[in-house]
Amino acid sequence: MDMIRRLGGSVILIVSRIGLMGLFLIKTVFYIFIPPLKFYRLLKQIRFIGAQSSFVIILTGLFTGMVLGLQGFRILEYFGSDALLGPTVALPLIKEMGPVLAALMVTARAGSALTAEIGIMRISEQIDALELMGLSPYRYLFVPNLLAAIISLPLLTAFFDVIGIYGGYLVGVKLLGLGGGVYFGEMATSVDMKDITEGIFKSLSFGVIIAWVSCFKGFYVQLAGQGAEGVSKATTQSVVLSAVLILVWDYVMTSIFF
Amino acid sequence: MIQIQDLHKSFGDNEIIQGISLDINKGEVLALIGGSGKGKSVLLKHVAGLLKPDKGRILINGKDIARLRSGELTQVRRHMGFLFQGGALFDSMTVYDNVAFPLREKTKMNEAEIREKVLDSLAQVGLAGAEDRFPSQISGGMVKRTAFARELVWHPEIMLFDEPTTGLDPIIGNSILNLINDLHKKYLFTGIIVTHEIPRIFDIVDKVAMLHDGVILAEGTPHDIVTSDDPIVQQFIKGEIDGPISYR
């Protein structure tokens, strides 16, 4: 009986948390359409989420493309199809790996920092102070982060894809001797606009997930625990939940929409 | 000005406020005293509309703050200042930017007007010259003064102070209380001060209320409290270990 009660309690808790997260997202989206938009804050967050993530995107994009080039070349050469290295590198990058890996990198770099920042603002009563000044934290904190993530993620993904394709070129063409014209020619034949659109739509939705989860976990930091330990746990939960949601949502989008 | 009527609030199974009623008239300053963790700050946050009561009402100029719409609540808060226990300064901004922040966000003043107001406000709290420092670079007393300056730029009609001297040495603590007293005389705000600064606080307030076990145990002028024959009040204001209040 006690086990059933505990199980029921856990289910109610999970459902109420999902509801709370849903309401948080709805309220944040609602505030997007209520002027004034905090434009300076939006630019600042684009710089933080987008521009300052460029270096890590370059690194991960380059090495992802290089390893795809290396593995792809070995397998394709075995079947005598090494001319198809271009699409072998580009298609997975554009459709899946670019959006997903860029989103995971932004989650690790910016999402965690957002949760920690908002969580610390929460426990040090800075968010209460904002509210007492008549400034909604939704308008001042969450809307700029959501819009910044929606703007930044597709750009970072495109950046990741281009660098990754260049990484594949370095390995396939410069290191392993495939012709440059073959690499890019086959790629141009195989990759169409639909593949690029798929990647862009995915990255847009991943931007929503990152901003939503990061801001929610920071704002409701007390659900994770008290004080510094609470911020630490909320930050960990934010990164894990964002990463899991990104991977699950990627599968859902691919299977339903593309 | 502020009427608290039969306020109840629980957190989980712990009913921390069990039916509190208080009236604070315009221009009066009330000291709210009582043991730590007994709900004084919770009561103050209800007055600011940061928490909603389970039962009861808080009327600010006749308006029930818990039932106001967002726009109306903003209007009420426009005339209210809140000095948080830790200052609640924005730690990524300088002292100057912290004080200028509400003016930049909520008014259409140009930067020259804002500068004049901010420097005046900082001068009033004795912080002229500290404009470019960050909260992490100033002392606890200066943090509280900056937070006070940030509220003063509004010329609030109501000021709420959550333990304004906690964590400060006696001299700086006294200077903060003197500052509150001086600025109250100047601006005639209505105030509530949550404090443990006994008996010093009795010199600067009009009324005192003692919160104990979720209710107002005693209320009156500072003289009424000091001469109260309630053993709990006497033990608390004298800080005696032995008595009816258990600290275990």
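Residues numbered from 1 in each chain as written. Chains lettered and ligands numbered in written order. Predicted model: local features only at pLDDT ≥ 70, side-chain atom pairs only at ≥ 80, totals over all residues. Heavy atoms only, no water.

Draft legend 1. Structural view of the overall build of chain B. Looking only at helices and strands, one finds 8 helices and 10 strands in chain B. For a compact globule of 248 residues, the expected C-alpha radius of gyration is about 18 Å, and chain B comes in at 18 Å, within 12% of that figure. Dimensions along the principal axes, computed over C-alpha positions, put chain B at roughly 55 × 45 × 35 Å. Counting the 248 residues in chain B, one finds 55% classified as buried. For chain B, the share of sequence-separated contacts (at least 6 apart) that also reach a separation of at least 24 residues comes to 62%. Only carbon and sulfur atoms are counted for the fraction: they give 49% of the accessible area of chain B, which is about 11,200 Å². (Helix = DSSP H or I, 4+ residues; strand = E, 2+ residues; numbered from the N terminus. Rg over C-alpha atoms; globule rule 2.2 N^0.38 Å. Buried < 20%, exposed > 50% of the residue type's maximum accessible area, 1.4 Å probe, protein only. Contact = heavy atoms within 4.5 Å. Areas by Shrake-Rupley, 256 points an atom, 1.4 Å probe, with all protein chains shown as cover.)

Draft legend 2. How the structure looks around the overall build of chain A. When its secondary structure is counted, chain A shows 9 helices and 0 strands. The N-to-C order of helical and strand elements in chain A reads α-α-α-α-α-α-α-α-α. Projected onto the principal axes, the alpha-carbon positions of chain A cover approximately 65 × 55 × 30 Å. A separation threshold of at least 6 residues defines the contact pool for chain A, and within that pool the share at least 24 residues apart is 85%. Working note: accessible area of chain A is about 12,300 Å², and carbon and sulfur atoms make up 74% of it. Distance from the positive charge centre (18 side chains) to the negative charge centre (15 side chains) of chain A: 10 Å. (Lys, Arg positive; Asp, Glu negative; His and termini not counted. Charge placed at Lys NZ, Arg CZ, Asp CG, Glu CD.)

Draft legend 3. Structural context of the interface of chain A and chain B. Listed per partner, the contact involves 15 residues of chain A and 20 residues of chain B. Across the interface of chain A and chain B, roughly 1,500 Å² is buried in total on both sides, 59% from carbon and sulfur atoms. Taken as a group, Glu125, Leu132 and Met133 of chain A account for 44% of the area that chain A buries against chain B, more than any other trio of residues on that side. There are 3 salt bridges connecting chain A and chain B. A salt bridge links glutamate 125 of chain A to lysine 45 of chain B; the shortest N-O distance between them is 2.9 Å. Where chain A touches chain B, the interface holds 5 residue pairs in polar contact (both at pLDDT 80 or more). Here the element with the most residues in the side of chain A that touches chain B is helix H5 (residues 126–132) of chain A; it accounts for 6 residues. Of the residues belonging to the side of chain A that touches chain B, the class tally is 8 nonpolar, 3 polar and 4 charged. (Buried area = accessible area lost by both parts, 1.4 Å probe. Salt bridge = Lys/Arg side-chain N within 4 Å of Asp/Glu carboxyl O. Polar contact = N/O pair within 3.5 Å; in protein donor to acceptor, adjacent residues only side chain to side chain. Nonpolar A, V, L, I, M, F, W, Y, C, P; charged D, E, K, R; others polar.)

Draft legend 4. Layout of the nonpolar core. One finds Phe24, Leu130, Phe142, Tyr183 and Phe219 of chain A together with Phe101 of chain B to be the most contacted residues of the largest nonpolar core, which totals 59 residues. Sorting the residues of this core by element identifies helix H1 (2–32), helix H2 (39–50), helix H3 (54–78), helix H4 (85–123), H5, helix H6 (137–175), helix H7 (180–190) and helix H8 (193–219) of chain A as the ones contributing at least two each. When residues of this core are assigned to their parent elements, the largest contribution, 15 residues, is made by H6 of chain A. Of all hydrophobic cores here, the second largest spans 48 residues; its members include Val29, Tyr96, Ile114 and Ala149 of chain B. (Core = buried A, V, L, I, M, F, W, Y, C linked by side-chain atoms within 4.5 Å.)

Draft legend 5. Focus on H3 of chain A. Residue and element names in this part refer to chain A. Compared with an ideal rise of 1.5 Å per residue, which puts 25 residues at 36 Å, H3 spans 36 Å between its outermost C-alpha atoms and is within 8% of the ideal. Buried within H3 are the following residues: Ile57, Thr60, Gly61, Thr64, Gly65, Leu68, Gly69, Gly72, Phe73 and Leu76. Buried residues along H3 sit against H4 and H6. Following H3 by one or two positions, glycine 80 adopts a phi angle in the positive range, close to 70°. (Expected span 1.5 Å × (residues − 1).)

Draft legend 6. Geometry of H6 of chain A. Residue and element names in this part refer to chain A. Maximum bend of H6: about 30°, positioned at valine 143, with proline proline 144 one to four residues after it. Its side-chain oxygen at 3.0 Å from the backbone nitrogen of tyrosine 138, serine 136 defines the N-terminal cap of H6. One or two residues past the end of H6 sits glycine 177, with phi positive at roughly 90°. (Bend = angle between axes of the 7 residues up to and from the residue.)

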